[in-house]
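Descriptive analysis of the structure
Chain by chain, the residues run as shown.
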Amino acid sequence: MDLVQLEIFKAVAEQGSISAAAQLIHRVPSNLTTRIKQLEQDLGVELFIREKSRLRLSPAGWNFLGYARRILDLVQEARATVAGEEPQGPFALGSLESTAAVRIPALLAAYNQKHAKVELDLSTGPSGTMIEGVLSGRLAAAFVDGPVLHPTLEGVAVFEEEMVVIAPLHHGPITRGQDVNGESIYTFRSNCSYRHHFERWFSQDGAVPGKIFEMESYHGMLACVSAGAGLALMPRSMLESMPGFTTVSVWPLADEFRLLNTWLIWRRGTVSQSLDSFVQLLEERTHCGERASPALGCEAALNP
C-alpha cells in the first residue's frame, strides 16, 4: 500500500466512478482500475461494489475511506509542518445551525483573516449528523451538543445555551411537561440532540407530545409556533437573533433541563495545524485561561 493508491482510492470513492476520478486526478482510467485492484488484493477485501459503470463503496470501503482521508491529511500536515508553513488547505468544520447562526460568525471571520490560506468549509446540521461526519473523517471538527462520550472523540466545552420552550403568544403558562401534554411540537430530525432533550422533558413528567413535525430551520419553527400551530424548543440566543421573536411566548425550563453545553469535538489524536490554530483562536476569543490543544489532548471548559 502506498500514498498513490490511497489518493486514487479516495478519488474513486468520492467521485463514484473510475472515469470521473481519472479526470479529476489526471490519470488514465486503466491505471486507476489496476491500482484499486492491487489495493484490494493487499487488504484482502473488496472496497467497492461494482454496478455496471458505477462503483459503490462496500462496508469495508466506507471504513477504509475514513482511514485513507486521515492518512492523507496527516501526510499533508507533516509536509507543511516540516517546511515551516502556516496552516493551509481544506478545513471542513461542522456546526449546529444555532451555533453557526449566533455564536461563531465573528470567530470564522477572524480565523479566515488570520489564516487566509486555509480553505474553510462549513456544514450545518443536527448533532448526530455532525458527529458522524467527524467519525468518518468528512469533518475535521464540529460544534455539537455535548458532552460527547465516544472513545475515539475528544473536545472542549465552548458555549452554554439556555433552552426555552416557545408557544403561541397567548398560550397559558408552561412550567412542566404536563402543562402541554398532547400538544404538537416542531423539531429537527430524529438525530437532533435538542429534539431528544425536548422529548425527555416531556417524559420525565409523564407527558407525551402530540404530533411531531420535522422542520429544516428554526425560522420555520418560529413561523409555525407564531401561527398558533404548536410548540418548539430552541436556544434563547437563537430565538432572540430572529426577527419576529416577540410574536411568541417564551417559557424557561426547570433547572435540570435549562442549560446545555455546546462542544467543539474532533477525532482523538488529531494532528492538524488548522485545527490547533482554530482552537487557540477560540480560546482567545472566549478568554479562557487554560490551553486546550488537540495535540495535547486537553479537555478544558471554555465559557463565553
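The following paragraphs examine the structure supplied in this document. Owing to the predicted nature of the structure, the values given are computational and were not obtained by experimental measurement. (Residues numbered from 1 in each chain as written. Predicted model: local features only at pLDDT ≥ 70, side-chain atom pairs only at ≥ 80, totals over all residues. Heavy atoms only, no water.)

Describing the packing of aromatic side chains
Applying the stated criterion across every chain, the model contains 12 aromatic pairs. Considering the side-chain rings of Phe198 and Phe202, the 5.2 Å spacing of their centres and the 55° angle between planes classify their relative orientation as tilted. Taken as a pair, Phe198 and Phe202 lie in helix 8 (residues 193-203) at a separation of four residues, close to a single helical turn. Pairing Trp201 with Phe202 gives two aromatic rings, centres 5.2 Å apart and planes at 80°, and the pair type is edge-to-face. On the basis of relative accessibility, which here comes to 3%, the residue Trp201 falls in the buried class. Phe202 sits in the buried class, given a relative accessible area of 0%. Each residue in the set Phe91, Tyr111, Phe143, Phe159 and Phe278 is aromatic and connected to the rest through ring pairs, giving one cluster. (Phe/Tyr/Trp six-rings, centres within 6.5 Å; stacked < 30°, edge-to-face > 60°. Helix = DSSP H or I, 4+ residues; strand = E, 2+ residues; numbered from the N terminus. Buried < 20%, exposed > 50% of the residue type's maximum accessible area, 1.4 Å probe, protein only.)

Considering empty space enclosed by the protein
Counted by the stated rule, this structure contains one cavity of 30 Å³ or more. Of the pockets and cavities examined, the largest cavity occupies roughly 60 Å³. Listed by contribution, the elements that provide at least two residues to the lining of the largest cavity are strand 7 (185-187), helix 8 and helix 9 (218-226). Here the residues of the lining of the largest cavity sort into eight nonpolar, one polar and one charged. (1 Å grid on protein atoms, 1.4 Å probe; cavity = no way out; pocket = protein on both sides within 12 Å on 5 of 7 lines; lining within 4 Å. Points joined across faces, edges and corners; volume = space filled by probe spheres on them. Nonpolar A, V, L, I, M, F, W, Y, C, P; charged D, E, K, R; others polar.)

Notes on the pattern of salt bridges
Inspection of every chain in the model, using the stated rule, returns 14 salt bridges. Residue Arg258 is joined to Glu162 by a salt bridge in which the shortest nitrogen-to-oxygen separation is 3.9 Å. Of this pair, Arg258 sits in helix 11 (residues 255-258) while Glu162 sits in strand 6 (residues 153-168), and the two are 96 residues apart along the sequence. Each of Glu162, Arg236, Glu240, Asp255 and Arg258 takes part in one network of salt bridges that share partners. (Salt bridge = Lys/Arg side-chain N within 4 Å of Asp/Glu carboxyl O.)

All we've got here are geometric facts, nothing functional implied.
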